[in-house]
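# Fold and contact review
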Amino acid sequence: MATEPDPDRLRELEARLSKVKAKEPPPRSAAAKGFSQGELAWRMVIELATGIMLGSGIGYGLDVLFGTLPVFLVIFSLFGFAAGVRTMLGSARELGRKAEQANKEGN
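Residues numbered from 1 in each chain as written. Predicted model: local features only at pLDDT ≥ 70, side-chain atom pairs only at ≥ 80, totals over all residues. Heavy atoms only, no water.

Before going further, it helps to spend a moment on the overall build of the protein. The number of helices and strands found in the protein is three helices and zero strands. When the elements of the protein are put in sequence order from the N terminus, they spell out α-α-α. Counting the 107 residues in the protein, one finds 14% classified as buried. Within the protein, contacts between residues separated by at least 24 positions form 55% of all contacts whose residues are at least 6 apart in sequence. Entry remark: accessible area of the protein is about 9000 Å², with carbon and sulfur atoms responsible for 65%. (Helix = DSSP H or I, 4+ residues; strand = E, 2+ residues; numbered from the N terminus. Buried < 20%, exposed > 50% of the residue type's maximum accessible area, 1.4 Å probe, protein only. Contact = heavy atoms within 4.5 Å. Areas by Shrake-Rupley, 256 points an atom, 1.4 Å probe, with all protein chains shown as cover.)

Next up, the structure:
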């Protein structure tokens, strides 16, 4: 075993390291700066669940008020679902616009 490292191998290693350091880092996702994909997905899930819960709560409240238990609950649950989906699509559209804008600025 040699106590000193081989100088040829060290020069080779330095050349390979400099090549790797010279490469550009991979581009970051332009979906939304500061947010990971998981955070964006959870945001959309929460928007959908909130719409359904609000619609169900309003429907249940109206059913209790008028004494017609399943009618308004079903109707407003569906309205809540539709509102949640609409909000999710709006968020996705907004993120798409931000991504396009970031791509235009980057090029």
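From this point on, the discussion continues.
Before going further, it helps to spend a moment on the side chain of serine 91. In this structure, serine 91 sits in helix α3 (residues 69-106). With relative accessibility at 5%, the residue serine 91 sits in the buried group. Residues in contact with serine 91, not counting those within four places in the same chain, are Arg43, Met44 and Glu47.

Attention shifts here to the packing of aromatic side chains. If you walk through the whole model with that rule in mind, you get three aromatic pairs. Pairing phenylalanine 66 with phenylalanine 72 gives two aromatic rings, centres 5.9 Å apart and planes at 50 degrees, and the pair type is tilted. With a centroid separation of 6.3 Å and an interplanar angle of 45 degrees, the aromatic rings of phenylalanine 72 and phenylalanine 76 are classed as tilted. Taken together, the residues span about one helical turn, with phenylalanine 72 and phenylalanine 76 both in helix α3 at a distance of four residues. Exposure remark for phenylalanine 72: the relative accessible area of 25% places this residue in the partly exposed category. According to the relative accessible area criterion, phenylalanine 76 is partly exposed, its value standing at 23%. An aromatic cluster of three or more residues is present, and its members are Phe66, Phe72, Phe76 and Phe79. (Phe/Tyr/Trp six-rings, centres within 6.5 Å; stacked < 30°, edge-to-face > 60°.)

For the rest of this paragraph, the subject is the pattern of salt bridges. In total, this model carries four salt bridges according to the counting rule given. A salt bridge links aspartate 8 to arginine 11; the nearest nitrogen and oxygen atoms lie 3.0 Å apart. On the criterion of helical spacing, the pair formed by aspartate 8 and arginine 11 is a turn pair, its members being three residues apart in helix α1 (residues 7-22). With a relative accessible area of 45%, aspartate 8 lands in the partly exposed category. (Salt bridge = Lys/Arg side-chain N within 4 Å of Asp/Glu carboxyl O.)

Tracing the backbone shows aspartate 63 in helix α2 (residues 37-66). Polar contacts involving the side chain of aspartate 63 include one to the main-chain amide nitrogen of phenylalanine 72, which spans 3.0 Å. In this view, aspartate 63 contacts Thr68, Leu69, Pro70, Val71, Phe72 and Leu73; residues no more than four positions away in its chain are not counted. (Polar contact = N/O pair within 3.5 Å; in protein donor to acceptor, adjacent residues only side chain to side chain.)

Compared with the 44 Å implied by 1.5 Å per residue over 30 residues, the 44 Å span of α2 between its first and last C-alpha is a close match. Of all the residues in α2, the buried ones are Leu40, Met44, Glu47, Gly51, Gly55, Gly59 and Asp63. In the core, the buried residues of α2 are packed alongside α3. (Expected span 1.5 Å × (residues − 1).)

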